[in-house]
Structures are given as structure tokens and as C-alpha cells.
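Reading the structure
Residues per chain, in single letters:
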Amino acid sequence: MSETVYIETSILGYLTARPSRDIIVAANIEVTREWWDTRRSDFQLYSSQAVVRETSQGDDAVASQRLEILSNLFLLDLNQSVLDLAEQFLERSNLPAKADVDAVHRKFGSETPSFYDGFTVKYEHRLRNIC
């Protein structure tokens, strides 16, 4: 059985992004697309209804591309256990309210080795005090 990877919104964003002049963003786009093309078949890919909700927003054409990618992944349900744990992360961390979906991603990502977990990158210092 192959390892699992939770695909969160930023991965889909990089896969469908327009070219960027920002060197860091351009590098993230390139690395993500290279991994997607060469390594994704080595893993069982998962995502969640939270990602579907996020990726449905924005430019209709790009959102459609993101949803097409998601259609090939196993989607995890947003059950009460996930929502409760995400709420605990938010309450105990003093994270901004806009991090609610990120907290859901963190719950799912904590159950699978994650290729890229933007939540961890943004809030790692605060998570250390909770976990």
C-alpha cells in the first residue's frame, strides 16, 4: 500500500496558477507542478470537502480547473470530530478567525504525511504550544 498525502488548497492553487514574477511564488509553482507530474502516482492522494469549498471560489475558469483535479482524489468528509478538533486548535492558539479552514486542513494533514501543508508553515510556532 502506498503512502497517503493530503492535498490542501495551496497545492491546487500552484497547479493552476498563472506565471508569476515573484521568484518564490514561481519556484513554488514549478516545484509543485514537477512533483505532481513525477511523484503523485507514488501516493494515495486525499483531499477534503473544505478544499472543495475553498477551490470553488475565485475566477470561474480557474476554479473549474481546480475542481477537475479534485474530482480524481478521494475526498474526506467534514465530520463533527474534525470540526471539533479544528475549533480546539483555534481556541487554544489565538489564531486569526480566517484560519478556520486551515485548522480543518491541519486535522486532516495530521493524519497523513503531507507533501505541503501551508497551515504548518504559517502557524508552526503557535502549534508547538498546543500539540
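Residues numbered from 1 in each chain as written. Predicted model: local features only at pLDDT ≥ 70, side-chain atom pairs only at ≥ 80, totals over all residues. Heavy atoms only, no water.

1. Side note on the overall build of the chain
Assigned secondary structure in the chain consists of 7 helices and 3 strands. Counted from the first residue to the last, the chain has its helices and strands arranged as β-α-α-β-α-α-β-α-α-α. Sorting the 131 residues of the chain into buried and exposed places 40% on the buried side. For the chain, the exposed surface amounts to about 8,000 Å²; the carbon and sulfur share of it is 48%. (Helix = DSSP H or I, 4+ residues; strand = E, 2+ residues; numbered from the N terminus. Buried < 20%, exposed > 50% of the residue type's maximum accessible area, 1.4 Å probe, protein only. Areas by Shrake-Rupley, 256 points an atom, 1.4 Å probe, with all protein chains shown as cover.)

2. Brief notes about the sheet that holds strand E2 (residues 43-48)
Taken in spatial order, the 3 strands line up as E1-E2-E3 in an open sheet, and their pairing is parallel. Of all the strands in the sheet, the pair left with one neighbour each is strand E1 (3-6) and strand E3 (74-76). Here the strands of the sheet are splayed against their neighbours by 35° on average, with no regard to which way each runs. Two strands pair when backbone bridges link them, and E1 and E2 are joined in this way by 4 bridges, in the parallel orientation. When the sheet's bridge partners are listed, tyrosine 6 is paired in E2 with tyrosine 46. (Pairing = 2+ DSSP bridges. Axes fitted to C-alpha atoms, helices over the stretch in contact; angles between N-to-C directions.)

3. Considering helix H4 (residues 60-70)
Buried residues of H4: Val62, Ala63, Arg66, Ile69 and Leu70, and no others. Looking down the long axis of H4, one finds its buried residues gathered within 120° of arc, a one-sided arrangement. Facing away from the buried side of H4, by more than 90 degrees, are the exposed residues Asp60, Ala61 and Glu68. The inward-facing, buried residues of H4 contact helix H1 (9-15), helix H2 (23-38), E2, helix H3 (49-55) and E3. (Arc of directions from axis to C-beta. Contact = heavy atoms within 4.5 Å.)

4. Focus on the pattern of salt bridges
Inspection of the entire model under this criterion finds 1 salt bridge. Linking aspartate 42 and arginine 39 is a salt bridge whose minimum nitrogen-to-oxygen distance equals 2.8 Å. Taking the relative accessible area as the measure of exposure, arginine 39 reaches 37% and is therefore partly exposed. (Salt bridge = Lys/Arg side-chain N within 4 Å of Asp/Glu carboxyl O.)

5. Structural notes on the confidence of the model for the chain
With 65% of its residues at a pLDDT of 70 or more, the chain shows a mean pLDDT of 76. The secondary-structure element of the chain with the lowest mean pLDDT is helix H7 (residues 118-130), recorded at 45, while H4 shows the highest, at 94. Contacts from residues 111-128, a stretch scored under 50 in pLDDT, to residues over four places away or in other chains number 40 contacts. (pLDDT = per-residue confidence, 0-100.)

6. So, the pairing of E2
Judged by how many residues are buried, E2 sits mostly within the fold: 5 of 6 residues are covered. Where E2 lies against E3, 3 bridges are found, and the strand directions are parallel. By the bridge assignment, serine 48 is partnered in E3 with leucine 76.

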